[in-house]
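Each chain, letter by letter, is given below.
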Amino acid sequence: MSILQDITANAVARDLTPEDFRTYAHPEIERSPYWERGVCFLPECSRRFEPSRDWQMYCCTECERAGTAELRKWGHRMALSALVWRMGKYEAENEALRDLARAARRHVTHVQSAWFEDRKARAESSRNGV
């Protein structure tokens, strides 16, 4: 599908604003949280703390701000490719757009892998005192 084609056929309601991931996947996250309760989610901190709420991931406001900055940094790298991937995901006729969508999907995967490796390296270096 190109951006010029009618995109309303399978569209969501006009006034619907997609919720954040934590709201969207709440039941799944409750069964399998992606962070350890009481351990700061920022890899270079990883300090133990007593959460004041069940969903608290960061030990302090400074770590939460650093985590938000990390999400922005990596999210901005993936945003355009995620949109392009979705634009061409169900393309049936335009081979060039299908190729572009596949490249966008590969880019998202590449950035996700780089982000994961970056977090692992930061966690490892903080454990080793580097």
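What you are looking at is a predicted structure, and each value in this text was computed from that prediction instead of being measured.

Draft legend 1. Geometry of the side chain of Glu 70. For Glu 70, the position within the fold is in helix H3 (residues 61-88). A polar atom in the side chain of Glu 70 sits 3.0 Å from the side chain of Arg 122. Among all residues touching Glu 70, those that are not within four sequence positions of it are Leu 42, Trp 115, Arg 119 and Arg 122.

Draft legend 2. Broad picture of unusual backbone geometry. The residue Ser 46 is not glycine, and still its phi comes out positive at about 50°. Locating Ser 46 in the fold gives a position in the loop between helix H2 (26-31) and H3.

Draft legend 3. Local environment of the packing of H3 against helix H4 (residues 95-127). One can describe the packing of H3 onto H4 by two numbers: an axis separation of 7 Å at closest approach and a directional angle of 160°. With respect to H4, the axis of H3 lies roughly antiparallel. Where H3 crosses over H4, the handedness of that crossing is left-handed. Along the lines of polarity and charge, the residues of the contact of H3 with H4 split into 15 nonpolar, 4 polar and 6 charged.

Draft legend 4. Inspection of H4 at higher detail. The end-to-end C-alpha distance of H4, which contains 33 residues, comes to 48 Å, matching closely the 48 Å that a straight helix rising 1.5 Å per residue would cover. Every buried residue of H4 is listed here: Leu 97, Ala 101, Ala 104, Val 108, Val 111, Trp 115, Arg 119, Arg 122 and Ala 123. Of the surrounding secondary structure, the elements contacted by the buried residues of H4 are H3. In this structure Asn 94 caps H4, since a side-chain oxygen of it lies 3.0 Å from the backbone nitrogen of Ala 96.

Basis of the calculations
- Residues numbered from 1 in each chain as written.
- Predicted model: local features only at pLDDT ≥ 70, side-chain atom pairs only at ≥ 80, totals over all residues.
- Heavy atoms only, no water.
- Helix = DSSP H or I, 4+ residues; strand = E, 2+ residues; numbered from the N terminus.
- Polar contact = N/O pair within 3.5 Å; in protein donor to acceptor, adjacent residues only side chain to side chain.
- Contact = heavy atoms within 4.5 Å.
- Axes fitted to C-alpha atoms, helices over the stretch in contact; angles between N-to-C directions.
- Parallel < 35°, antiparallel > 145°, perpendicular 65-115°, else oblique.
- Left-handed = near helix turned anticlockwise from the far one by under 90°.
- Nonpolar A, V, L, I, M, F, W, Y, C, P; charged D, E, K, R; others polar.
- Expected span 1.5 Å × (residues − 1).
- Buried < 20%, exposed > 50% of the residue type's maximum accessible area, 1.4 Å probe, protein only.

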